[in-house]
Amino acid sequence: MAAAHLLAWAVCVLRVALATVYFQEEFLDGERWRNRWVQSTNDSQLGHFRLSSGKFYGHKEKDKGLQTTQNARFYAISARFKPFSNKGKTLVIQYTVKHEQKMDCGGGYVKVFPADVDQKNLNGKSQYYVMFGPDICGFDIKQVHVILHFKNQYHSNKKPIRCKVDGFTHLYTLILRPDLTYEVKIDGQAIESGSIEYDWNLTSLKKMEKSSAESEDREQKREDKSQDWKKHFLDAGAGKPSDWNSELDGDWPAVMLQKPPYQDGLKPEGIEKDVWLHQKMKNTNYLTEYDLSEFENIGAIGLELWQVRSGTIFDNFLITDDEEYAENFGKATWGETKGPEREMDDIQAKEELKRAREEDEEEMLLMDKLNGKENIFKRFHRRNEL
């Protein structure tokens, strides 16, 4: 039994060693988070964040995260990390979000940006690679966004993914794999998965690219034939054979000679290379460039959103290439505090209910006293009248 536990422990250690963690933030060092996160100054009316674990929590220190503090504001803040490309690798984006104010309308999503994003000028027009997380507004919008940037456009998942709408902390995980499959998890449970190609309505894009590439190939073939004629010229010294019979043999085909690329070391004017010998390779861009899950220069994560009612707390940010590491990190953070958080909320709810009952009882006693004094006054007044 001991050997089995030791083996399992060794496997876990090896797994962690093999995982690449690009970004991880738990806000465990107090106000030093301000040295890592940059508040946008694009607009003087942008809302501000503070470090807080909220009104109820599972652990006062571990549950501290970035909390929105002002109602009806846009928010824009980001953190930078060493740039990387996820080409040929899995990309996992994970974080926790808690709408303890019972969100009525506002975003709870994160954005992953290119490394060259202007953090001080971060705004709604700043280009991002991935936007992921919950968005709530009224009765109609209660969804998890998964938006990917591809071919200079933003593409949304066509499948509706419902988000959590209560006031507790929830763990959101997005997994993008190099085989163009994806998975969305909430609280460690898969709630949606499939093919990026089909679930983002991008098969039409692929067909358009393929059609365009094939059209270019046809055009290139026509150009090659045209160039082929330009490479040759009539042999003026060649004459029709004396025994050629036009009626029997048809029209005599003139003898064609191939032009040399250039003569005597002189190239044609304005041409830097041998255009006659140049031949384009077949266009295969629609095969090689069609990969939605690859981003070349990932270098920042941020919150760029709008909230009507503030109070949301963002915590436990993680970007890695290892699904198992992300799962274990989720268990070690959100998994450890989710139970105690609900217990504290239950205790507070019972205390509030108790206080409300006590206030009602005090109000009833006060009313009884007032009614008693009123009855005494009425009896005294009636006595005087007699």
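Residues numbered from 1 in each chain as written. Predicted model: local features only at pLDDT ≥ 70, side-chain atom pairs only at ≥ 80, totals over all residues. Heavy atoms only, no water.

**Q** What's the story with the confidence of the model for the chain in this structure? I'm lost.
**A** Low pLDDT means the predicted coordinates in that region are not meant to be read closely. Residue-level pLDDT values for the chain average 82, and 69% of them are 70 or greater. Predicted confidence is poor over residues 270-290, with pLDDT under 50, and the contacts of this stretch with residues over four places away or in other chains come to 30 contacts. (pLDDT = per-residue confidence, 0-100. Contact = heavy atoms within 4.5 Å.)

**Q** Mind showing me how you'd approach the packing of aromatic side chains here?
**A** How two aromatic rings sit relative to each other is given by the distance of their centres and the angle of their planes. Enumeration over the complete set of coordinates arrives at 18 aromatic pairs. Judged by centre distance (5.8 Å) and plane angle (35 degrees), the rings of Phe27 and Trp37 are tilted. Of the two residues, Phe27 sits in the loop between strand 1 (21-25) and strand 2 (37-39) while Trp37 sits in strand 2, which places them 10 residues apart along the sequence. Under the relative-accessibility criterion, Phe27 is labelled buried at 2%. Of the residues examined, Trp37 reaches a relative accessible area of 4% and is grouped as buried. Ring plane angle 20 degrees and centroid distance 4.3 Å describe the contact between Tyr128 and Tyr154, whose orientation is recorded as stacked. Placement of the pair is Tyr128 in the loop between strand 8 (110-114) and strand 9 (130-137) and Tyr154 in strand 11 (residues 153-156), with a sequence separation of 26 residues. Using a relative accessible area of 39% as the deciding quantity, one classes Tyr154 as partly exposed. The rings of Tyr22, Phe23, Phe27, Trp37, Phe81, Phe84, Tyr95, Phe132, Tyr172, Phe314 and Phe317 are connected pair by pair, giving a single aromatic cluster. (Phe/Tyr/Trp six-rings, centres within 6.5 Å; stacked < 30°, edge-to-face > 60°. Helix = DSSP H or I, 4+ residues; strand = E, 2+ residues; numbered from the N terminus. Buried < 20%, exposed > 50% of the residue type's maximum accessible area, 1.4 Å probe, protein only.)

**Q** Help me understand the state of the cysteines, please; the structure alone is not making it clear to me.
**A** Any covalent bond linking the sulfur atoms of two cysteines counts as a disulfide. Going through the model one piece at a time under the given rule, you end up with one disulfide. For Cys105, the disulfide goes to Cys137, at an S-S distance of 2.1 Å. Handedness of the Cys105-Cys137 disulfide follows from its S-S torsion of about -80 degrees: it is left-handed. Remark: Cys137 occurs in strand 9 and Cys105 occurs in strand 7 (residues 105-107); sequence separation between them is 32 residues. Cys105 sits in the buried class, given a relative accessible area of 17%. (Disulfide = S-S within 2.5 Å.)

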